[in-house]
Amino acid sequence: MKRIIVTALAILLSVAYTFAQKQGTILYENTINIHKNLSPEQQALKAMIPETTTQNFQFIFNEKFGCFKSAPSQKPKGIMIQMGGGDSKTWFNFEKNVFRKYIELDNELFHSETKIEKITDAKPTGKTKSILNYKCEEYKSEDGAYSFWVTKELPSYISPLAPMFLEGAILAIENDMLSYKAVSISEDFDEKELKAVQSEEITAEQFQDLQEEKLSEMKAMRGKVIKN
Amino acid sequence: MQLTIKNISKTYPNGVKALNNLNLSIGSGMFGLLGPNGAGKSSLMRTIATLQDPDEGIISFNGIDVLKEKDAVKNILGYLPQEFGVYPRISAQELLNHFAVLKGIHAASERKEMVQFLLNQVNLFKDRKKSVHTFSGGMKQRFGIALALLGKPELIIVDEPTAGLDPAERNRFNNLLSEISEDKVVILSTHIVDDVKDLCNDMAIINNGEVLVNGRPSDLITELNGKIWEKRISKQEMEEYKASYQLITSHLNEGKPLIHVLQEENPHNGFEKVNPDLEDVYFSAIK
């Protein structure tokens, strides 16, 4: 009987522990396959260009807010490819169930707010694997190109690729051209990162226009840009 | 600096044997790889550039195993392929900067300096704000050289760079190649004999995936001394001379064929001994 109680307590503690993590920082490794992003006419350039580049990002969260941004002091392995129109972060307000993407243009910061909504076209495949000791289930996008590894042991608003949200935290995304994988998780978090930055709110359409403007500017000034 | 190619063979799935136990040793300077279309030049270039694997053989460059250490090769290789894609509406300067980022040159100041230096070197600085897709053939090839020179490569491969260029552009381009070949291994793959004659201190002639001749152009020419005989003939006589002599070249001169034959002894019959040139070397090798 004592053994049963101890075991039950252990299971309860374990469950309590995993569900208790409602704050912390997840470090993601993002790998982009540059060769797969070259056009058919540019295939010969593979001879001079590294195949992949790796950068780290972090998802910082507590019960109310979250923030996804590039990890500080991380030098990219290979080259730096900026995504989504710059190095701006994504901010999440879980109480209001929205996230904000920021964009800076001519030293002015703008943001657009979008509802956190679960995507419905990705379906579970029945496959599972463990990432950082979290049991993850595989979801495949409708076209089969993306695999999402999702754990229900962490809050469902955690995603390295907003607005892609599923029935649990996304700890890995696998695709031919790009991938994200959670490589560490801790309970530490930097509270000031969770504060919304002062910025002007614009509509989603205006944001897209600014993003396109910024993308063409960056294409001209900094090189390859991949939109997320 | 030394590029060593040992026993390289490649057969494509359709059965074409592109490279057949090919061996070459290439030192600093400009190396000419001469051969007719389909000789295996591009297959060899693509193999050295790590874009395709051979079925067997070894390639090494200054201690790097080219076929196994592909990432290391990317750091020291500059490659000007026969075609490279450009983006419309992006200027030469922006595009070069873009590829510098892809090449892994992170520091913005270093990148800016390098892009400006290269645009100057290939004489495109004044055209830096024009879109590359509006460039002439020669300008595109010079831009391609700037692209190949990003990251200060030690091994540069240029594949048929002067095909389709007018004489002035070709001359300008060849001068540029000559400038960049100091302290580097530059492999010039071409079927244009004059390009090799003008530029290269070492060369090989390949055909059917095999090395037929390898050496300094001047040495290879010397080997033919006293063996090249020239005669002006009529067009009607051509077939008869082809059947009777080892005819290696035939050019029209003042509307009449001027033929060169390879023969140890004087063929008499109106032939005159002439000084051989690289074209004689080339055609005597591939015939």
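Residues numbered from 1 in each chain as written. Chains lettered and ligands numbered in written order. Predicted model: local features only at pLDDT ≥ 70, side-chain atom pairs only at ≥ 80, totals over all residues.

In the annotation of an unreviewed UniProt entry, chain B is listed under the name ABC transporter ATP-binding protein and assigned to Marinifilum caeruleilacunae. Listed in UniProt under the heading Sequence similarities (unreviewed entry), the comment for chain B reads: "Belongs to the ABC transporter superfamily." (UniProt positions renumbered as here; feature names shortened; annotations may be inferred.)

Named according to an unreviewed UniProt entry, chain A is GLPGLI family protein originating from Marinifilum caeruleilacunae.

To continue, consider unusual backbone geometry. Most peptide bonds adopt trans geometry, and most residues besides glycine take a negative phi value. Of note, the bond from Ala 162 of chain A into Pro 163 of chain A is cis; its omega dihedral lies within 30 degrees of zero at 15 degrees. Structurally, Pro 163 of chain A can be placed in the loop between β10 (147-151) and β11 (169-174). Despite not being glycine, Thr 50 of chain B has its phi angle at roughly 65 degrees, a positive value. Assignment of secondary structure puts Thr 50 of chain B in the loop between α1 (41-48) and β4 (56-61). (Helix = DSSP H or I, 4+ residues; strand = E, 2+ residues; numbered from the N terminus.)

Where interface size is given, it is often the accessible area lost as the parts come together that is meant. Taken together, the 21 residues of chain B in the interface contact 19 residues of chain A. Ranked by residues supplied to the side of chain B that touches chain A, first place goes to helix α3 (residues 92-103) of chain B with six residues. Residues of the side of chain B that touches chain A, tallied by class, amount to nine nonpolar, seven polar and five charged. (Contact = placed C-beta atoms within 7 Å. Nonpolar A, V, L, I, M, F, W, Y, C, P; charged D, E, K, R; others polar.)

Counting 82 residues, the largest nonpolar core has Phe 31, Leu 96, Ala 146 and Leu 188 of chain B as the members making the most contacts within it. Broken down by element, this core gets its largest block of residues, seven residues, from α3 of chain B. Counting contributing residues, this core receives three or more from each of domain 1 (2-215) and domain 2 (222-286) of chain B. Residues Phe 99, Leu 161, Phe 165 and Ile 185 of chain A belong to the second largest nonpolar core, which totals 35 residues. (Core = buried A, V, L, I, M, F, W, Y, C linked by C-beta atoms within 7 Å. Buried ≥ 20, exposed ≤ 12 C-beta atoms within 10 Å, placed from the backbone. Domains from an automatic or database assignment.)

The UniProt record marks residues 3-233 of chain B with the feature "domain: ABC transporter" (unreviewed entry), using the residue numbering of this structure. Helix and strand shares over residues 3-233 of chain B are 35% and 29% respectively, and the end C-alpha atoms of the span are 45 Å apart.

Residues and elements named next belong to chain B. The strand order across the open sheet built from four strands is β12-β13-β11-β14, with neighbouring strands paired in antiparallel fashion. For this open sheet the edge positions go to β12 (247-253) and β14 (272-273), each flanked by a neighbour on one side alone. With two bridges connecting them, strand β11 (residues 228-232) and β14 associate as antiparallel partners. Paired with Glu 230 across the strands is Glu 272, a residue of β14. (Pairing = 2+ DSSP bridges.)

It is worth spelling out the packing of α3 of chain B against helix α4 (residues 108-121) of chain B at this point. Residue and element names in this part refer to chain B. For the pair α3 and α4, the least separation of the axes is 10 Å and the interaxial angle reads 130 degrees. Viewed along their axes, α3 and α4 adopt a mutual orientation that is oblique. In this structure, α3 meets α4 at a crossing whose hand is right-handed. When α3 is examined against α4, the residues Ala 92, Gln 93, Leu 96, Asn 97 and Ala 100 are found in contact with a partner set consisting of Arg 111, Met 114, Val 115, Leu 118 and Leu 119. A per-class count over the contact of α3 with α4 returns seven nonpolar, two polar and one charged. (Axes fitted to C-alpha atoms, helices over the stretch in contact; angles between N-to-C directions. Parallel < 35°, antiparallel > 145°, perpendicular 65-115°, else oblique. Left-handed = near helix turned anticlockwise from the far one by under 90°.)

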